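Here are the chains, one letter per residue:
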Amino acid sequence: MFSPRPGQNEVIAYQGGLMGVMAVPGSGKTHTLSCLAARLVAHADLEEGQEILVVTLINSAVDNFSSRIAWFLKESGLLPGIGYRVRTLHGLANDIIREHPDLAGLDNHFSILDERASLDIMASTVNHWKRTHPEFIESYTDDSQEVQKVDYYWSDLLGSFAQAFIKQCKDLQLTPPELQLLMDQNSCSSDLLACGYDIYKDYQQAIGYRGAVDFEDLIRLAYKVLRNNPDYLARLQWRWPYILEDEAQDSSRVQEDLLRLLCGNDGNW
């Protein structure tokens, strides 16, 4: 039997609107949020087809929330599995795009790269760029350093740089052509910026040839689909009148923008 503490009771008593909760590790936030989700399913007067949407970061947390919400609903004499949906942010974005892949500019049978495949393509793209731009390495390298050590160092360094650069561009919802336009408009002439742009462009072409997207693309494209299609957005806002977000402090800018769209101006988040 769950006996919430006073601070947890405040969360469970949530009725609607916007609310943020600060909680330290071990404070029981998963159990408390699960209890809130079950209470909303039972008492929020949902219409047929509406759900409480619970969004978290990792797949293991999805299973954790799902089992706890089901337990609370059974305790209340309700059927588990009805009236709520628990998804990772990337899983949610995938659901949104799968309903209308054409609106994201994707084929119906597009695939999603896992992290290993994405890193392999990234490494191949970085190594190709490094081989074709020896002058870049030379300009930052001391002639006294051993060639073998320098080559290994630069492969690792450029790989980390490219990952961070591409992730930031996608978080800002900048495609390679849009980034190129901004560079031209602002007369940017940085060798590091040029390096990041070249690798980003080649990486996107490589995954595009495979008919695939990576995890960052999922969020960016889901946001694009909703922003450009108000009717579809309105249907999803009706479907999920309450959004409960776990680990909000780890959300990126575009992830937050996506949930803000789904919440709407007068929504419950």
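The model shown is predicted, which means the values in this text are computed figures rather than measured ones.

Asks: How would you summarise the sheet that holds strand 1 (residues 52-56) if you had to cite specific residues and measurements?
Replies: To summarise the sheet geometry, strands pair through backbone hydrogen bonds and adopt either a parallel or an antiparallel arrangement. Read across the sheet, three strands follow the order 2-1-5 without closing on themselves; strand pairing throughout is parallel. Edge strands, defined here as strands with exactly one partner in the open sheet, are strand 2 (84-88) and strand 5 (242-245). In this sheet, adjacent strand axes meet at a mean angle of 20° when their direction is disregarded. Of the strand pairs in this sheet, strand 1 and strand 2 are connected by five bridges, and their pairing is parallel. Its bridge partner being in strand 2, Val-54 is matched across the sheet by Val-86. Contacts from helix 4 (residues 89-99) reach strand 1 and strand 2, with the element oriented near 110° to strand 2.

Asks: Can you break down the pattern of salt bridges residue by residue, with the values?
Replies: Charged atoms that come close allow side chains of opposite charge to pair. The tally for this structure, following the rule as stated, stands at 11 salt bridges. Asp-246 is paired through a salt bridge with Lys-29; the nearest N and O atoms lie 3.1 Å apart. Of this pair, Asp-246 sits in the loop between strand 5 and helix 12 (253-263) while Lys-29 is found in helix 2 (residues 29-43), placing the two residues 217 residues apart along the sequence. Between Arg-85 and Asp-95 there is a salt bridge, and its shortest N-O distance comes to 3.6 Å. With Arg-85 in strand 2 and Asp-95 in helix 4, this pair connects stretches of sequence that are 10 residues apart.

Asks: Can you explain the side chain of Asp-95? Please cite residues and give values.
Replies: What makes Asp-95 buried here is its relative accessible area of 19%. Apart from residues lying up to four places away in sequence, Asp-95 is in contact with Arg-85, Arg-87 and Tyr-232.

Asks: Before we move on, could you go through the packing of helix 2 against helix 3 (residues 59-75) and cite the residues and values that matter?
Replies: Direction vectors running N to C along helix 2 and helix 3 enclose 50°, while the axes themselves pass 8 Å from each other. Of the possible angle classes, the one that applies to helix 2 and helix 3 is oblique. The chirality of how helix 2 crosses helix 3 is right-handed. When helix 2 is examined against helix 3, the residues Thr-30, His-31, Leu-33, Ser-34, Cys-35, Ala-37, Ala-38 and Val-41 are found in contact with a partner set consisting of Asn-64, Phe-65, Arg-68, Ile-69, Phe-72 and Leu-73. Split by residue class, the contact of helix 2 with helix 3 holds nine nonpolar, four polar and one charged.

Asks: Outline the nonpolar core, listing residues and values.
Replies: Generally speaking, nonpolar side chains in soluble globular proteins are found buried as a group. Leu-92, Ile-96, Ile-97, Leu-226, Ile-243, Leu-259 and Leu-262 are the most contacted members of the largest nonpolar core, which has 29 residues in total. Listing elements by their share of this core, those giving two or more residues are strand 1, helix 4, helix 10 (215-227), helix 11 (230-239) and helix 12. The biggest single contributor to this core is helix 10, with seven residues. In contact with Ile-243, not counting residues within four places along its chain, are Leu-53, Val-55, Leu-259, Leu-262, Cys-263, Asn-268 and Trp-269.

Conventions we followed
Residues numbered from 1 in each chain as written. Predicted model: local features only at pLDDT ≥ 70, side-chain atom pairs only at ≥ 80, totals over all residues. Heavy atoms only, no water. Pairing = 2+ DSSP bridges. Helix = DSSP H or I, 4+ residues; strand = E, 2+ residues; numbered from the N terminus. Axes fitted to C-alpha atoms, helices over the stretch in contact; angles between N-to-C directions. Contact = heavy atoms within 4.5 Å. Salt bridge = Lys/Arg side-chain N within 4 Å of Asp/Glu carboxyl O. Buried < 20%, exposed > 50% of the residue type's maximum accessible area, 1.4 Å probe, protein only. Parallel < 35°, antiparallel > 145°, perpendicular 65-115°, else oblique. Left-handed = near helix turned anticlockwise from the far one by under 90°. Nonpolar A, V, L, I, M, F, W, Y, C, P; charged D, E, K, R; others polar. Core = buried A, V, L, I, M, F, W, Y, C linked by side-chain atoms within 4.5 Å.

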